Amino acid sequence: MPLDKAKAPFTLPKLPYAEDALAPVISAKTISFHYGKHHATYVKTLNELIAGTAYEGLSLDEIVVRAAKDTAAKKIFNNAAQAWNHDFYWHSMRAKAGAPAGKIKDALEKSFGDLAAFNKAFSQAAVGQFGSGWTWLVKDKDGALKIEATSNADTPIAHGDTPLLVADVWEHAYYLDFQNRRPDYVTAWLDKLVNWSFAEENLG
Ligand code: FE
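Given the structure is predicted, the values throughout are model-derived calculations rather than measurements.

A. The coordination of the iron ion, seen in detail. Protein ligation of the iron ion involves His34 (NE2), His86 (NE2), Asp168 (OD) and His172 (NE2), the donor distances falling in the range 1.9 to 2.1 Å. Geometry at the iron ion is tetrahedral, judged from its four donor atoms and the angles of 88 to 131° they form at the metal. Each donor residue of the iron ion belongs to the same chain, with the gaps between them written as H-x51-H-x81-D-x3-H. With His86 in helix α3 (residues 74–91) and Asp168 in strand β3 (residues 162–168), this residue pair connects regions lying 82 residues apart in the sequence.

Structure (structure tokens):
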């Protein structure tokens, strides 16, 4: 992840593609608000919150992990985790989704059986997530792949799992394109946008 070792003040990382690259599944209008307003605000707010605190000299990963255990730093956690999660989300998608291949294909088959079984389990988690949150494919400490659902800003890097892919299921991710039809967004996301090369890189 490009942001991992950066220190404050954080800057909004560049999108890995043009704002209209994911259309028609995700429109340029959605990306312009989601990236240009929501993501940008998390980064800006984080910089304001950590200025002059013990968090100021840390990388974004370090802030997320430490603030997760600090009940007095809930706002810092929320904004740092949302900054991290969004950057990871942009990289989890690409204009032309291929099929999983190589190491990621083997790992998926070992843990889920096949791609269809993975898609079904991921979709159930994403559609079933109550309220705002994220649906992740992660590698756990034993190396097995699993699906993890997190609420609001919560993120697997705060809990020791290794994220491979993420779908943002906050309404702001899909409302302009799909209104309340989250299942349609999730299906299109899985069929047309998943960046399996990124997932494979994250396997390590
Ligand atoms: Fe979002």
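Once the structure has been displayed, the description carries forward.
B. Quick look at the pairing of strand β1 (residues 133–139). Of all seven residues in β1, six are buried; the element is thus mostly enclosed. Counting the residues between successive antiparallel strands, the hairpin from β1 to strand β2 (residues 145–151) contains five residues, one of them, Gly143, with a positive phi of roughly 90°. Sheet topology places β1 next to β3; six bridges connect them, and they run antiparallel. For Trp136, the partnering residue across the bridge sits in β3 and is Val166.

C. Geometry of the sheet that holds β1. Taken together, the three strands give an open sheet; going across it, the order is β2-β1-β3, and neighbouring strands pair in antiparallel fashion. Looking at the sheet topology across the chains shown, the edges are occupied by β2 and β3. Adjacent strand axes in the sheet meet at a mean angle of 25°, parallel and antiparallel pairs treated alike. Pairing of β1 with β2, which is carried by seven bridges, proceeds in the antiparallel orientation. Pairing of Thr135 across the sheet is with Ala149, part of β2. Against the sheet, helix α4 (residues 102–112) engages β1, β2 and β3, with an angle of about 80° to β2. The strands that helix α8 (residues 196–203) touches are β1, β2 and β3; relative to β3, the one it contacts most, it runs at about 150°.

D. Local environment of unusual backbone geometry. With an omega of 10°, the peptide bond running from Ala23 to Pro24 counts as cis. Its place among the elements puts Pro24 in the segment before α1 (28–50). We note that Asn152 has phi near 55°; this positive angle belongs to a residue other than glycine. The residue Asn152 is located in the loop between β2 and β3 in this model. A relative accessible area of 44% means that Asn152 is categorised as partly exposed. Positive phi values are uncommon outside glycine, yet Gln179 reaches one of about 50°. With respect to the helices and strands, the residue Gln179 is situated in the loop between α6 (175–178) and α7 (182–193).

Scoring rules and cut-offs
- Residues numbered from 1 in each chain as written.
- Predicted model: local features only at pLDDT ≥ 70, side-chain atom pairs only at ≥ 80, totals over all residues.
- Heavy atoms only, no water.
- Donors = N, O, S within 2.8 Å, 3.2 Å for Na, K, Ca; no water.
- Tetrahedral: all angles 85-135°; square planar, octahedral: opposite > 155°, others 65-115°.
- Helix = DSSP H or I, 4+ residues; strand = E, 2+ residues; numbered from the N terminus.
- Buried < 20%, exposed > 50% of the residue type's maximum accessible area, 1.4 Å probe, protein only.
- Pairing = 2+ DSSP bridges.
- Axes fitted to C-alpha atoms, helices over the stretch in contact; angles between N-to-C directions.
- Contact = heavy atoms within 4.5 Å.

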